[in-house]
There are 2 protein chains.
Amino acid sequence: MVSRERILEAAGRVYAKHGFRGATTRLIAAEAGVNEVTLFRTFGSKGALLEAVLDQNDFCSDVSQLPDPAVNPEEELTGWVGEHLERVRHLRPLLIQAISELDERPEVAEFACRGRDEVHEILSQYCAALQRDGHADPSADVFAAVTMLISSVMGDAMGRPMVPDSFPPVDEAPRRYVRCFLRAIGVSSSR
Amino acid sequence: MVSRERILEAAGRVYAKHGFRGATTRLIAAEAGVNEVTLFRTFGSKGALLEAVLDQNDFCSDVSQLPDPAVNPEEELTGWVGEHLERVRHLRPLLIQAISELDERPEVAEFACRGRDEVHEILSQYCAALQRDGHADPSADVFAAVTMLISSVMGDAMGRPMVPDSFPPVDEAPRRYVRCFLRAIGVSSSR
DNA sequence: ACAGCAAGCAAGTAGGTACTTGCATACGCA
DNA sequence: TGCGTATGCAAGTACCTACTTGCTTGCTGT
């Protein structure tokens, strides 16, 4: 029963490149080094196979938490943003295809949207703690700042391969985003 | 020769919904209320037709400039961001399809990427002027902040239809993004 | 009135698609 | 040894796709 995983993996690659319509069962079977019939015997249909692919690539499984109370905001956030960036970057091709097919295949909506609200919530709570403990400006627009930080992570993961010059060097990006973010919510940069 | 425009418009709608593979010539012809043969007589092939669609929806035509020197940063940027947001929001479905097809149809790369570098340049120059005239912190990371602002605009335009709760109300969004941005580069919010 | 041109219609071509069927082959386990 | 199970292979079905051809219709400008 090793075929199942080979097919899943191959289907993920092919779907990421060509989308649902372009991910023909022949291509997937060839990529997996498996007979096309095996694919149908294992998953029943192309639709079911690609649903299994998205299920397997669960995004929001174990989104890491942020500490409360905050000890070193810049370091903690930089690490968290770096992790998140890496995860989104890895899922990028699947996400792009899923989003582009939202109209035609609404069942992918859960995969495409899942996680964003959670992430927003985690960051907001962390900032609320910063304000509560007097580390952040209580009048700051935390909601908008969090939205911007998340958009920056998504934008970096999605856009960098297309227009690399519009982004800071990949190893500096998390820290620089976080520093801007902290200034926006009034956290003094020193320590 | 009114068919040409009807076809172009219909093709834009169908392509935005279903992508290249899903935008069948039958669908487009039906949507345009035109015989399928007319489509081939007018554009030659499906590929040429959809290329014409992207050409027609030119994104970076007249990106509005920002004043130098700056007079009222918050107002000027809010207006500019609002305009930009509206433009991207309008192009969203086309952009998403084009991006998702970058691997298969590299000729759409120009359409998908065009504009981002320009926009970055315009904002950077505006901030440089702010720093030069003593309105912004000269030690601020303008590059990262500009990247974040642009990502926020793209993220809002792209993501709001999917996860509306993660964004500020649509009429407040531009101003709130700009305020965060100005704090990040050290522009005093007062006047 | 008539020539030219845009467009519709019906039919066809060549190829790709998901999916099925029937049969042969190999491997593990009792 | 035999049996169930997973897989390969060849072929076929029914449908969709881009694109073509030949012919007809209707409008326009001279």
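Residues numbered from 1 in each chain as written. Chains lettered and ligands numbered in written order. Predicted model: local features only at pLDDT ≥ 70, side-chain atom pairs only at ≥ 80, totals over all residues.

Engineer: So what about the overall build of chain A? Which residues, and what values?
Structural biologist: On a plain count of helices and strands, chain A comes out with 9 helices and 0 strands. Dimensions of chain A, computed from the C-alpha atoms along their principal axes, are close to 65 × 30 × 30 Å. Out of the 191 residues in chain A, the part that is buried amounts to 42%. (Helix = DSSP H or I, 4+ residues; strand = E, 2+ residues; numbered from the N terminus. Buried ≥ 20, exposed ≤ 12 C-beta atoms within 10 Å, placed from the backbone.)

Engineer: Would you mind going over the protein's contact with DNA strand D in detail, with residue names and values included?
Structural biologist: Close contacts around DNA strand D come from 17 residues, with Ser3, Asn35 and Thr38 of chain A together with Ser45 and Lys46 of chain B the closest. Of all elements in the fold, only α3 (36–43) of chain A together with α2 (25–32), α3 (36–43) and α4 (46–56) of chain B reach the threshold of two or more residues within the surface near DNA strand D. Classifying every residue of the surface near DNA strand D gives 6 nonpolar, 8 polar and 3 charged. (Near = placed C-beta within 6 Å. Nonpolar A, V, L, I, M, F, W, Y, C, P; charged D, E, K, R; others polar.)

Engineer: Which residues make up the relation of the copies chain B and chain A, and what are the values?
Structural biologist: Overlay of chain B on chain A (RMSD 0.1 Å): rotation 180 degrees, translation along the axis 0.0 Å. Look at the turn and shift together and you get a two-fold axis relating the two. Taking C-alpha positions as the reference, the residue of chain B nearest the rotation axis is alanine 184 of chain B, at 2.3 Å. Comparing interface residues between copies, 100% of those in chain B also sit at the interface in chain A, which points to an isologous, same-surface contact. (Least-squares fit on C-alpha atoms with pLDDT ≥ 70 in both. Contact = placed C-beta atoms within 7 Å.)

Engineer: Describe in detail the protein's contact with DNA strand C, supporting the description with residues and values.
Structural biologist: Around DNA strand C, the surrounding shell holds 16 residues, and the nearest of these are Ser45 and Lys46 of chain A together with Ser3, Asn35 and Thr38 of chain B. At the level of elements, α2 (25–32), α3 and α4 (46–56) of chain A together with α3 of chain B are the ones that each hand at least two residues to the surface near DNA strand C. In terms of residue count, the dominant contributor to the surface near DNA strand C is α3 of chain B (3 residues).

Engineer: Let's hear about the interface of chain B and chain A: which residues, and what values?
Structural biologist: Taken together, the contact between chain B and chain A spans 39 residues of the former and 39 residues of the latter. Elements with a contribution of two residues or more to the side of chain B that touches chain A: α1 (3–22), α5 (73–100), α6 (109–113), α7 (116–132), α8 (142–159) and α9 (173–184) of chain B. Per element, the largest residue contribution to the side of chain B that touches chain A is 10 residues, and it comes from α8 of chain B. Broken down by class, the residue content of the side of chain B that touches chain A amounts to 16 nonpolar, 11 polar and 12 charged.

Engineer: Now, about the packing of α8 of chain B against α9 of chain B: what can you tell me, with residues and values included?
Structural biologist: Residues and elements named next belong to chain B. Two elements in contact, α8 and α9, have axes separated by 10 Å at closest approach and are oriented at 165 degrees. Viewed along their axes, α8 and α9 adopt a mutual orientation that is roughly antiparallel. As for the relative orientation of α8 and α9, their crossing is right-handed in sense. Between α8 and α9, the residues in contact are Ala145, Leu149, Ser152 and Asp156 and Ala173, Tyr177, Phe181 and Ala184, respectively. (Axes fitted to C-alpha atoms, helices over the stretch in contact; angles between N-to-C directions. Parallel < 35°, antiparallel > 145°, perpendicular 65-115°, else oblique. Left-handed = near helix turned anticlockwise from the far one by under 90°.)

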